[in-house]
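Spelled out from the first residue to the last, the chains are:
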Amino acid sequence: KPTKKMLDGTGIDCLLYTPDEFSERYCVFNDVPTGALKEEIDKYALENDDFQSIAILNRLREREYQGNWTDATMQKNIQKYEDYAQSIIEGISPISTKDWLRYIEAVSIIKKSDIWKEVNRGTNVYQKDLYADYEIQDYKIRCKGLLDDLWIGDNAIVTDCKFTTAKDMDEWMSIARS
């Protein structure tokens, strides 16, 4: 199963190199499920070709999720994510508005970086580092993002982006912004 960091890297890659395909591959939602509700909706949508809130309700009841909620309240909560589940059923990746905005910001940071200058020169790169520096009190810290298999030229493709020093993309971007 792809990790959150892998999904972020794929989304950024799509916005960076094939932005006109983004709306075919991703659907942006203001509200996405979290925790056990997300797990069960995602799992159900990947295994089935229709949305059945009662089936998801039963799975959640087996996990003793929100045991103090009535079935009606629980089903209402599940049904508000029907479009989210339908996007998964149709093979489109649902993402939150927050993630979409983070992807746009990451693309903006990358396009301002030295590596993007190399992209425009047609350079071939393998494991190119993206750095951002920041200071905490008396400590200066260099945060590194690592792009693997970056072939720049006629077919510009990033196959993997890792944030090797920062915990995650949010931390890397907050450092790169400053």
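Read on for a plain summary of the structure. (Residues numbered from 1 in each chain as written. Predicted model: local features only at pLDDT ≥ 70, side-chain atom pairs only at ≥ 80, totals over all residues. Heavy atoms only, no water.)

Let's talk about the side chain of Ser-96
- Residue position: Ser-96 is located in strand β2 (residues 93–96).
- Ser-96 sits in the buried class, given a relative accessible area of 13%.
- Of note is the side chain of Ser-96, whose polar atom sits 3.0 Å from the backbone nitrogen of Asp-99.
- Residues within four places of Ser-96 in sequence aside, it is in contact with Val-28, Phe-29 and Val-32. (Helix = DSSP H or I, 4+ residues; strand = E, 2+ residues; numbered from the N terminus. Buried < 20%, exposed > 50% of the residue type's maximum accessible area, 1.4 Å probe, protein only. Polar contact = N/O pair within 3.5 Å; in protein donor to acceptor, adjacent residues only side chain to side chain. Contact = heavy atoms within 4.5 Å.)

Digging into the packing of aromatic side chains
- On inspection of all chains with the given rule, the structure shows two aromatic pairs.
- The interplanar angle of 15° and the centroid separation of 4.5 Å between the aromatic rings of Phe-22 and Tyr-26 together place this pair among those described as stacked. No difference in accessibility class separates Phe-22 from Tyr-26, as the two residues are buried.
- Ring geometry for Phe-29 versus Tyr-84: centroids 5.9 Å apart, planes at 65°, classification edge-to-face. Here Tyr-84 lies in helix α6 (residues 82–89) and Phe-29 lies in strand β1 (residues 26–29), a separation of 55 residues in the sequence. The pair Phe-29 / Tyr-84 is uniform in exposure class, with both members buried. (Phe/Tyr/Trp six-rings, centres within 6.5 Å; stacked < 30°, edge-to-face > 60°.)

So, helix α5 (residues 71–79)
- Among all positions in α5, only Met-74, Asn-77 and Ile-78 are buried. The arc enclosing the buried residues of α5, seen along the axis, measures out at 100°, which places them on a common side. Turned more than 90 degrees from where α5 packs its buried face, Ala-72 and Lys-76 sit exposed.
- Tucked into the core, α5 has its buried residues touching α3 (35–47), α4 (53–62) and α6. (Arc of directions from axis to C-beta.)

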